[in-house]
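Structure at a glance
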Amino acid sequence: MTVSYNTKGNLFWITFCIKIATIKHLIFMILRIIFATTIAFGFSIMPDDPFEAYSEDVPGVDLPIAFVPVTGGTFDMGSPDHEAGRKPDEGPVHKVTVDDFWMAKYEITWEQYESFVYRQIAKDKFAANERLQALGIDGVSGATPPYVEMSFGMGKDGYPAVNVTQYAAIMFCKWLSASTGKFYRIPTEAEWEYACRAGTNTMYSFGDDASLIDEYAVYKSNSNRKYAKIGTKKPNPWGLYDMHGNVAEWTMDQYSADTYKKSKKKNPWVKPDKLYPRVARGGAWNQEADQLRSAARLPSESKWKQRDPQLPKSRWWLTNAPFVGIRVIRPRVEPPAKEINEFWLNPIEDYGQ
Amino acid sequence: MKNLTINEEITRRSFVKGSTLAASGLMTGALGITSSAFAAGSDTLKLAVIGCGGRGTGAVRQALNADEGVKLVAMADAFKDRLDNCFSTLSEVFDKKRLAVKDDAKFTGFNAYKEAIDMADVVIIATPPGFRPEHFEYAVNQGKHIFAEKPMATDVPGIRRVLASAKKAKEKNLNVVVGLQRHYQHNYRELYKRLQNGEIGDIVSGQVYWNGAGVWVRKREAGQTELEYQMRNWYYFNWLCGDHILEQHIHNIDVANWFIGETPISAQGMGGREVRKGPDHGQIFDHHFVEFVYPSGAVISSQCRHIQGCMNRVSETFQGTKGSVYASGDGDGWMKRRDGSSIYQHDGSNDLTPYQIEHNEMFASIRKGGVISNAEYGANSTMTAILGRMATYSGKLITWEEAMTSQKVLVPPSSELSWNGKAPVSPDADGNYPVPVPGQFEVL
């Protein structure tokens, strides 16, 4: 895709504001001019896509990813001491602000993920070079096919991809970004929780009544020992499905039990520099209800690759985590390439234990 | 005479140099001798790895994890780059005390295995399956304990050679663990025990699967000789790999043999190349379906597929006279009565990986002078998969008995292989390799 700047819109706003020059509008006009200047200097780029729901094609497969807009805001991240089932790593509750983003309505399915694993997309099918540069992409590593069957017999058509490493989830996003020219990535832990809560402060986005969980989530008691197809339960208030349960979802963050004691207030992200533990969120089909709470954090472990007999262990596949999958987001404002580059994490070899 | 030979070997190899021996250990008894007992911790066990790919490297790691007294002393691979990668990877995990491989103990080429095996007490054999009979036979002849990856051969003459060596290994009280790791996995062991208890009666039928999307492919690179290309992309050449019905699906077929307690009397089936037809995929089929008939009358359906976008399943299910049993390499497993009620449900989420268990048990057995003998069932399960391949390649019903007489040799001796020499199979003018056509292809 090509990026066009909002120049026309800005001019319109300037004229409009002068016409009805109240103080309020003047301030707004000034802000708008500052914003336009920022764009002109290339600090920030805002594609003119309207901030509304849309579908993105996945190359090689006729299964687009549906996105919904999540308007940013400030929320209480973490859970209060008195919340049932709460763990110490969920506190202290602290105010966090996140920017606007689009989030995929559903978890990424096997068909979508395998298009990345198995289908070679010709380089000329990627976005134009200038777009790739803007996205900090000079190449996309291809996942290696797994030796064993990674759905563990739970099904693939319409089912969420699992047993993928965080690196693989990020590389899937990089591949999708290279193909579409838009910046896709997995959410930060803060973005994930903000979207999961959808304006709520309760244990779940449907309230504190755990007895309602059957309507909203696939988890240990109702899963019959396997994941379900995406979207079989009710969505959260912002139209996102399976945020609680089905499969846990990778976030961009390194895990530590005391993350929240030193969190940044705005768009926090703990960039990983160690392979383990990193954070997955939302709980899964094999977990109890309390592990599906909005604030519950799931740290990754080396044993998620326990059955990988090779050395080094696979960068791409987990052998013991049929409960971890992918959800994709797209920031509304595309950051500069340098910032985007921070998100394309380098692989760390896994020598197991 | 036999005993004398082994005694001489033991003396020569100084197995017991100055060590305290476990009472059950090395002493020669009335029935002969145990080949090798090593007091726990106090004796060094010298390890060699033959085949330094990802799996061989992983197996060294598991061996060194299993027993603190194990030191890697020698390495062998056809390719220097693979060997060097293996060593540098291991160096990330272990120090020089455990990786005691001097530069002159890193052997490359087709005959490198001999020198490496000679230096060791215990040998890991993780080369492509076609070489297994030759490498295994040599290691047994040299009196080494062995961890051998599956399968044990790619052709019937290779099977006969492995069976003969297996017998010899037993006589020499050598420990031989074969990488059919389901035998070392908790869910399988628990279900097997329950089968033995008769909890679902006798097995009358079963379905075993390895239906996946396929494995790695290595592209031809400029400057490679034909033989080097085949060795790099070995999965797709029958002399090296034996087709995926053997290299991969053997795991599931092996469970059928193990759980039923028999090997088949005949097989018939079908298969072909439906999707993967190009030279990159060499000679092997992308799907096989075989019916194996067992002496007890049990019939096992075996499916394996390497095609993307189809149903995936890797597991084994069997029906008994009183119920059914299901198991999978991912750690799941259950047993049910005919009315559907549960007898047993396994939770494998915290089970130790069988890849580690197989090494733990092998080294424990070596230490206490025990004998683990997996080579015979390893060879029989290999033969069962080869029988299935014969059935799908020929389109005919093949009996075990006639298959066992096959003189078709797929693998030349290592001594006849050289990088610039002729490869065992050759591509045609378009780069395509010969592929079996059912109804026409001779397998016997």
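A brief report on the enclosed structure follows.

A word on empty space enclosed by the protein. Using the criterion set out here, one finds six cavities of 30 Å³ or more in the structure. Considered as a void within the structure, the largest cavity measures approximately 160 Å³ in volume. Around the largest cavity sit 15 residues that line it, and T165(A), Q166(A), Y167(A), L275(A) and K305(A) are the ones nearest its centre. Of the residues contributing to the lining of the largest cavity, the split by class is seven nonpolar, four polar and four charged. There is about 90 Å³ of room inside the second largest cavity. For the second largest cavity, the lining is made up of 16 residues, of which P146(A), V148(A), E149(A), G212(B) and A213(B) are closest to its centre. Here the lining of the second largest cavity is composed, by residue class, of eight nonpolar, five polar and three charged.

A few words now on the layout of surface pockets. Estimated volume of the second largest pocket: approximately 1200 Å³. Lining the second largest pocket are 41 residues, and of these R225(A), W285(A), N286(A), P322(A) and D332(B) lie nearest its centre. Elements represented by at least two residues in the lining of the second largest pocket include exactly β8 (297-299) of chain A together with β11 (313-320), β13 (333-337) and β14 (342-346) of chain B. Looking at the lining of the second largest pocket residue by residue, the class counts come to 12 nonpolar, 16 polar and 13 charged.

Here the focus is the pattern of salt bridges. Residue and element names in this part refer to chain A. Enumeration according to the criterion identifies 41 salt bridges over all chains in this entry. Two residues, E189 and R297, come together in a salt bridge whose shortest N-O distance is 2.6 Å. Placement of E189 in helix α6 (residues 189-197) and of R297 in strand β8 is noted, with a sequence separation of 108 residues between them. Salt bridges here are not isolated pairs; linked through shared partners, they connect E189, E193, R197, R281 and R297.

A few words on unusual backbone geometry. For residues other than glycine, phi is negative in most cases, and the peptide bonds are mostly trans. All names here are of chain A. Look at the link from G91 to P92: it is a cis peptide, with omega at 0 degrees. Tracing the backbone shows P92 in the loop between β3 (73-77) and β4 (94-98). For the bond running from Y276 to P277, omega is -10 degrees, close enough to zero to count as cis. On the secondary structure map, P277 appears in the loop between β6 (248-254) and β7 (278-281). Even without a glycine there, the phi angle at N224 is positive, about 55 degrees. Along the chain, N224 turns up in the loop between α7 (213-216) and β6.

Attention shifts here to the pairing of β6(A). All names here are of chain A. Across the seven residues that make up β6, a large majority, seven, are buried. Here β6 pairs with strand β9 (residues 324-325) via two bridges, running parallel. Of the residues in β9, the one forming a bridge with A248 is V324. In terms of strand pairing, β6 meets β7 through three bridges, oriented antiparallel. The partner of E249 across the bridge, within β7, is R281.

Bringing the interface of chain B and chain A into the picture now. One frequently used descriptor of interface size is the decrease in accessible area upon assembly of the parts. Opposite the 38 residues of chain B that make contact, chain A presents 21 residues. In total, about 2400 Å² of surface goes out of reach between chain B and chain A, with carbon and sulfur atoms giving 51% of it. Contact with chain A buries area across many residues of chain B, yet R61(B), N312(B) and D330(B) alone supply 21% of it, more than any other trio. At the surface where chain B touches chain A, the tally comes to one salt bridge. Salt-bridge contacts for D332(B) lead to R225(A); the nearest nitrogen and oxygen are separated by 3.0 Å.

Conventions used here
Residues numbered from 1 in each chain as written. Chains lettered and ligands numbered in written order. Predicted model: local features only at pLDDT ≥ 70, side-chain atom pairs only at ≥ 80, totals over all residues. Heavy atoms only, no water. 1 Å grid on protein atoms, 1.4 Å probe; cavity = no way out; pocket = protein on both sides within 12 Å on 5 of 7 lines; lining within 4 Å. Points joined across faces, edges and corners; volume = space filled by probe spheres on them. Nonpolar A, V, L, I, M, F, W, Y, C, P; charged D, E, K, R; others polar. Helix = DSSP H or I, 4+ residues; strand = E, 2+ residues; numbered from the N terminus. Salt bridge = Lys/Arg side-chain N within 4 Å of Asp/Glu carboxyl O. Buried < 20%, exposed > 50% of the residue type's maximum accessible area, 1.4 Å probe, protein only. Pairing = 2+ DSSP bridges. Contact = heavy atoms within 4.5 Å. Buried area = accessible area lost by both parts, 1.4 Å probe.

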